[in-house]
Amino acid sequence: MKFFIDTANLAMIEEANALGVLDGVTTNPSLMAKEGISGKEDILNHYLSICEIVDGDVSAEVLGVTYEEMITEGEELAALNPQIVVKVPVTKDGIRAIRYFSEKGIKTNCTLVFSAGQALLAAKAGATYVSPFLGRLDDVSTDGLHLIEEIRTIYDNYGYETQILAASVRHSMHIINCAKLGADVVTCPLQPILSLLKHPLTDSGLEQFIKDSEKMKH
């Protein structure tokens, strides 16, 4: 399973990359705004800075809502760097745009997916990634993990190559459960990834090893 970090913060991306397990980055306009990045030129330059840090795919979201706007923005984003994946919402125009990009050899990430039907259309259109938002489904008392399971079954039934990129991942158990269900990628902040390292028996065992090693020095 691939690990992407969901942020526009360069320091966090560098920290995750230094851990040695980072495969890519996802961003969105909200994450950009959080870092104080808003102008078009600044946003494009920030994507380039991210691409310099990581070796893998970097999702860059289109802001337009019409087919024509998505095509214009998406082609501009894709031209920045071969690592760029054009992030497109799962709307009627978005699905059309994904088909266009697919035929042009431009990688896409179909975002804001909340149903198996949406994921099916994204795969049919040739999306590279599909992003089901499991945490947001959990927020409205719906089982987000069940959606991951449904999409995995459908894609396996028909041999779709679209990768399931589990988004809105909130904690380490989301990551573990996504791995068990066969999600290809999870994207989340750095903390849930670091939380996978945590276990009290590891802490107590390491503490004992240190004490024993100190005894051996005397």
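Predicted model only: the values in this text are computed from it and were never measured.

> Please set out the sheet that holds strand β1 (residues 2-6) residue by residue, giving values where relevant.
Pairing is parallel in the closed barrel, where eight strands are placed in the order β1-β2-β3-β4-β5-β6-β7-β8. Pairwise comparison of adjacent strand axes, ignoring direction, gives a mean angle of 30 degrees for this sheet. Relative to strand β5 (residues 108-113), strand β4 (residues 84-89) is paired through four bridges, and the arrangement is parallel. Note that in β5 the partner of Pro 89 across the bridge is Thr 111.

> Give a description of unusual backbone geometry that names residues and reports values.
Here Leu 112, not a glycine, exhibits a phi torsion of approximately 60 degrees, which is positive. Inspection of the secondary structure assignment puts Leu 112 in strand β5. For Leu 112, a relative accessible area of 34% gives the class partly exposed.

> Give me the lowdown on the pairing of β1, citing residues and values where you can.
Pairing analysis gives four bridges linking β1 to strand β8 (residues 185-188), with the strands arranged parallel. Note on β8: the bridge partner recorded for Phe 3 is Val 186. Relative to strand β2 (residues 24-26), β1 is paired through three bridges, and the arrangement is parallel. Pairing of Phe 4 across the sheet is with Gly 24, part of β2. After leaving β1, the chain enters helix α1 (residues 10-19) and then returns to the sheet as β2, a path that is right-handed.

What counts, and at which threshold
- Sequence order as written defines residue numbering, which begins from 1 separately in each chain.
- Per-residue local features of the predicted model are confined to residues with pLDDT of at least 70, and side-chain atom pairs are confined, for both listing and counting, to 80 or more; whole-chain, interface and lining totals are unaffected and use all residues.
- Water and hydrogen atoms play no part in the side-chain values, which are based on all heavy atoms of the structure.
- When DSSP finds at least two bridges between two strands, those strands are taken to pair.
- A run of DSSP states H or I qualifies as a helix once it reaches four residues; a run of E qualifies as a strand once it reaches two. Both are numbered from the N-terminal end.
- Axis lines are fitted to C-alpha atoms, over the contacting stretch for helices. Their N-to-C directions set the angle, which ranges from 0 to 180 degrees.
- Think of it in three bands: with a 1.4 Å probe and only protein chains considered, a residue is buried below 20% of the maximum accessible area for its type, exposed above 50%, and partly exposed in between.
- With strands facing away from the observer, any crossover in which the path from the first strand over the helix to the second runs clockwise is taken as right-handed.

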